[in-house]
Amino acid sequence: MAGSGLDHRRPVASAQAPPSRGRPHPLPRSCRGRRVARPGGNALRERTLWRLLYESAARASEVLALDVGELDLRNRRARVRRKGGAIDVIVWRTGTARLLPRLLGGRRTGPVFTTDRRARVELPPADIDARSGKARLSYRRAAELFETATGGWTLHQLRHSALTHAAEDGANTSTLLAFSGHTSVASPAHYARVSGEALARWQAGRDPAARKR
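Everything in this summary refers to the structure shown in the same document. (Residues numbered from 1 in each chain as written. Predicted model: local features only at pLDDT ≥ 70, side-chain atom pairs only at ≥ 80, totals over all residues. Heavy atoms only, no water.)

**Details of the pattern of salt bridges**
We count it as follows: A carboxyl oxygen of Asp or Glu within 4 Å of a side-chain nitrogen of Lys or Arg is what we treat as a salt bridge. Only protein chains enter the calculation, and the probe is 1.4 Å; a residue is then buried if its accessible area is under 20% of its type maximum, exposed if over 50%, and partly exposed in between.
The tally for this structure, following the rule as stated, stands at ten salt bridges. For E46, the salt bridge identified is with R45, shortest N-O distance 2.6 Å. Ionic pairing is found between R82 and D88, a salt bridge with its closest N-O pair at 3.0 Å. Note on R82: relative accessible area 5%, which makes it buried. Among the residues examined, D88 registers a relative accessible area of 26% and is labelled partly exposed. Linked through salt bridges whose partners overlap, the residues forming this network are R59, E62, R82 and D88.

Structural data, given as structure tokens:
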């Protein structure tokens with residue numbers, strides 16, 4: 001994604017191998033300009049979901065639960081139900097704004113992200129697109145598609161990356177709280193551990209010799 005810190009042309013593994021399981025790591029800044037994809041690209045649904053997750057820093061479960069009626073496409077925002085049940089707002093940028101209308105194809109109701117085929121089992125009406133009969137995309141399937149395309153990265157790393165990169169770019173605690181949907185000021189501190197690369201940029205910006213050039 002140009003300008004988003006994450007983009008979709010080549011596998012992330014070609015730039016840097018995914019870290020081992022355990023504590024989440026942000027996607028490296030070196031992935032900018034590279035697509036999280038296999039050669040040949042990914043489906044529109046996947047591109048839209050991954051970009052939205054990164055640009056909004058929302059949890060994957062929150063985004064997958066979105067219905068079309070909860071989207072405010074003009075203002076680039078949507079209402080989501082956060083962990084614990086609180087209603088909150090997520091926002092996104094131009095990349096997502098361009099993809100969402102294409103994904104929806106004029107739909108006004110039903111889940112935003114749906115399966116490839118009609119549902120084969122009976123599901124709650126809220127989890128079915130009445131026009132196509134397709135079901136809401138599950139977290140398990142979404143996670144599987146992302147890990148396969150990236151060689152092992154997880155959906156949570158999109159959220160972790162968005163918050164870490166925002167902290168590195170100077171977002172204050174209040175902004176990080178709103179961006180993440182956390183209610184405790186201690187939570188954003190988990191993402192505010194800047195990388196060596198970001199620390200070097202900060203130090204270079206403070207160098208008196210550099211400012212005199």
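This is not the end of the story, as more comes after the structure.
**What to know about the pairing of strand β3 (residues 87-91)**
Spelled out, the test is: In this analysis, strands are considered paired if DSSP registers two or more bridges between them. Note on conventions: DSSP H or I runs of at least 4 residues are helices, E runs of at least 2 residues are strands, and numbering of each starts at the N terminus.
In this structure, strand β2 (residues 77-81) lies alongside β3, joined through five bridges in antiparallel fashion. Pairing of R81 across the sheet is with I87, part of β3. The antiparallel hairpin formed by β2 and β3 contains five residues in its connecting segment, where G84 sits at a positive phi of about 95°.

So far we have only geometry, and geometry alone does not tell us how the molecule works.
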